[in-house]
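These are the residues of each chain, in order.
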Amino acid sequence: MRFTNQIAVIFGAGRGIGKAIATRLSSEGAKLIIADILIDEIEKVKQQILDTGDSVEAYTLDISDEKKSNLCIQKIFNKHKKIDILINTVGIVGPSSCPIENYDLEDFIQVINVNLTGAFIVSKAVIPIMKKLNYGRILHIASIAGKEGNPGMVGYTASKAALIGMVKGLGKELAETNITVNGVAPGLISSEMNSETDPEMLSYMINKIPMKRPGTVDEVAALALWIVSEEASFNTGSIFDISGGRATY
Ligand SMILES: NC(=O)c1ccc[n+]([C@@H]2O[C@H](COP(=O)([O-])OP(=O)(O)OC[C@H]3O[C@@H](n4cnc5c(N)ncnc54)[C@H](O)[C@@H]3O)[C@@H](O)[C@H]2O)c1
C-alpha cells in the first residue's frame, strides 16, 4: 500500500498501459482520478475499480484541449486540495509505414498535439499545485521510437523525441523542488494501440527485440509505480527503458 492517502491523476487510463497503471495504483491505496478521450472505455475502467470497493473519479476529455485539461486539474485540486501524482500515458501512433512524401501535415500536427502538446498542457497545469505542496511525481510515457527513430512514423517519432527532451528539461528545472519528472520509453508492448499498426511494422519491431516478444502492460505498470512512489526520490529527468533488451543506451 505505497500510495495510501495520495491523489493520483492518470491521463490516458481508458485502456492499455494507462489502465494497467490505474488498476495497480488503486490496489496500492491511491485515490484515483482517471481521464481519457474514449467515454465508454473510461467508464468501464471506472466501474471495474468501483467493483473492487475502491473509489475513483473519471473525466472524458481530449488532453490537447487546454481549457478542458486545465479545468479538470483545477476541479481535482479544488476537491482534494492536492495532487501527488500525475501520469500521462496518452499517445496516438498516427500514420505508420508511411514515407514522409505521403505523410499529411494535418496528421503530423495532430500527433504532435496529442503526444507532445498534451503533455505540456497537463504538466503546466499541475506543477504550480505540486510546488505549493512541495511534493510531486510526474511521469510521461514516451517511446523507444523517440530515442532510436522508427522509419515511416515521422510524427510519432518526432513527438516522442520531443517529449523525452521535455522530461529532461523539466526534471532539471524542478530539481530543487520535491517534484520529480521522469519518462518511460517502452519498446513494443502488447496493447490495443498495436491493433492499428501495420503488420509489417510490427514484425520489424519484434525482430529488433532481443527477448523476441512484446512486453506486457503489467510489466510497464510495475516500473511506473516505482517511479511515482516516494521511494524514487533521486531520479528526475530520467528516461527509463523497458524494451526486452532493445535499448542499448
Ligand atoms: N504499446 C506500445 O507498443 C507502446 C510502445 C512505446 C510507447 N507506447 C506509449 O505508451 C502510451 C500508452 O500506449 P498504449 O499501448 O497503452 O496505447 P492505447 O492506445 O491502448 O492507450 C492510449 C490511451 O490514450 C487515449 N487517448 C488517445 N488520444 C487521446 C487524447 N487526445 N486525449 C485523451 N486521451 C487520449 C486513448 O483513448 C487510450 O485510452 C502511449 O503514449 C504510447 O505512445 C506504447
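Residues numbered from 1 in each chain as written. Predicted model: local features only at pLDDT ≥ 70, side-chain atom pairs only at ≥ 80, totals over all residues.

**A few points about the overall build of the protein chain**
Basically, it comes down to this: Helix and strand assignments follow DSSP, with helices taken as H or I runs no shorter than four residues and strands as E runs no shorter than two, numbered in order from the N terminus. Based on C-alpha atoms, the radius of gyration is set beside the globule rule, defined as 2.2 Å times the residue count to the power 0.38. Residues with at least 20 neighbouring C-beta atoms inside 10 Å of their own are called buried, those with 12 or fewer are called exposed, and the rest are partly exposed, where every C-beta is derived from the backbone.
Assigned secondary structure in the protein chain consists of 8 helices and 7 strands. In summary, the protein chain has a C-alpha radius of gyration of 17 Å against a globular reference of 18 Å for 249 residues, a match within 12%. Along the three orthogonal principal directions, the C-alpha set of the protein chain runs to about 50 × 40 × 35 Å. Counting all 249 residues of the protein chain, 45% fall into the buried class.

**With respect to the site of the ligand**
Heads up, the rule is: Defining nearness, a residue is near a molecule or strand when the C-beta atom obtained from its backbone falls within 6 Å of it. Charged residues are taken to be Asp, Glu, Lys and Arg, nonpolar residues to be Ala, Val, Leu, Ile, Met, Phe, Trp, Tyr, Cys and Pro, and polar residues to be all remaining types, Gly included.
Every one of the 28 residues lining the ligand counts as a neighbour, but Gly14, Gly16, Gly91, Ser191 and Met193 are closest to it. For the shell around the ligand, the element with the most residues is helix H1 (residues 16-27), which contributes 3 residues. Here the residues of the shell around the ligand sort into 13 nonpolar, 10 polar and 5 charged.

**Focus on the nonpolar core**
Inclusion rule: Connectivity within a nonpolar core runs through C-beta atoms within 7 Å, and the core itself is a set of buried Ala, Val, Leu, Ile, Met, Phe, Trp, Tyr and Cys residues. Two residues form a contact once the distance between their C-beta atoms, set from the backbone, is within 7 Å.
The biggest cluster of nonpolar side chains holds 68 residues, and the ones touching the most others in it are Ala8, Ile10, Leu32, Ile34 and Val126. Examining the composition of this core, we find that 11 residues originate from one element, helix H4 (residues 105-133), more than from any other. Excluding residues that lie within four positions of it along the chain, Ala8 makes contacts with Phe3, Leu25, Ala30, Lys31, Leu32, Asp84, Ile85 and Ile87.

**A short note on the sheet that holds strand S4 (residues 85-88)**
Cut-off, in case you're wondering: When DSSP finds two or more bridges between two strands, those strands count as paired. Angles shown run from 0 to 180 degrees and are taken between the N-to-C directions of axes, each axis being a line fitted to C-alpha atoms and, for helices, limited to the stretch in contact.
Across the sheet, which stays open at both edges, the 7 strands sit in the order S3-S2-S1-S4-S5-S6-S7 with parallel pairing between neighbours. Looking at the sheet topology across the chains shown, the edges are occupied by strand S3 (56-60) and strand S7 (239-242). Between one strand axis and the next, the sheet turns by 15° as a mean value, whatever way the strands run. Sheet topology places strand S1 (residues 7-11) next to strand S2 (residues 31-36); 5 bridges connect them, and they run parallel. If you follow Ala8 over to S2, its bridge partner there is Leu32.

**A closer look at H1**
The condition that has to hold: Take the number of residues in a helix, subtract one, and multiply by 1.5 Å to get its expected span.
Counted at 1.5 Å a residue, the expected span for H1 with its 12 residues is 16 Å, and the 17 Å between its end C-alpha atoms agrees. Burial of H1 is extensive: 10 of the 12 residues sit out of reach of the surface. Restricting attention to buried positions, one finds in H1 the residues Gly16, Ile17, Gly18, Lys19, Ala20, Ile21, Ala22, Thr23, Leu25 and Ser26. Backbone geometry just downstream of H1 places Gly29 in the positive-phi region, at approximately 100°.

**Observations concerning the pairing of S2**
This is how the line gets drawn: Seen with the strands pointing away from the viewer, any crossover whose path from the first strand over the helix to the second strand runs clockwise is right-handed.
Burial analysis of S2 places 5 of its 6 residues in the buried class, which makes it a mostly covered element. Of the crossover connections in this fold, the one passing from S1 over H1 to the parallel S2 is right-handed. Judged from the 5 bridges that link them, S2 and S3 form a sheet pairing that is parallel. Residue pairing across strands places Ile33 opposite Glu57, the latter belonging to S3. Viewed along the sheet, the connection from S2 through helix H2 (residues 39-51) into S3 turns out right-handed.

**A word on the confidence of the model for the protein chain**
This is how it is decided: pLDDT expresses, on a scale from 0 to 100, how confident the predictor is about each individual residue.
Confidence along the protein chain averages 96 in pLDDT terms, with 100% of residues attaining 70 or more. Per-element averaging of pLDDT across the protein chain places helix H7 (residues 199-207) at the bottom with 85 and S4 at the top with 99.

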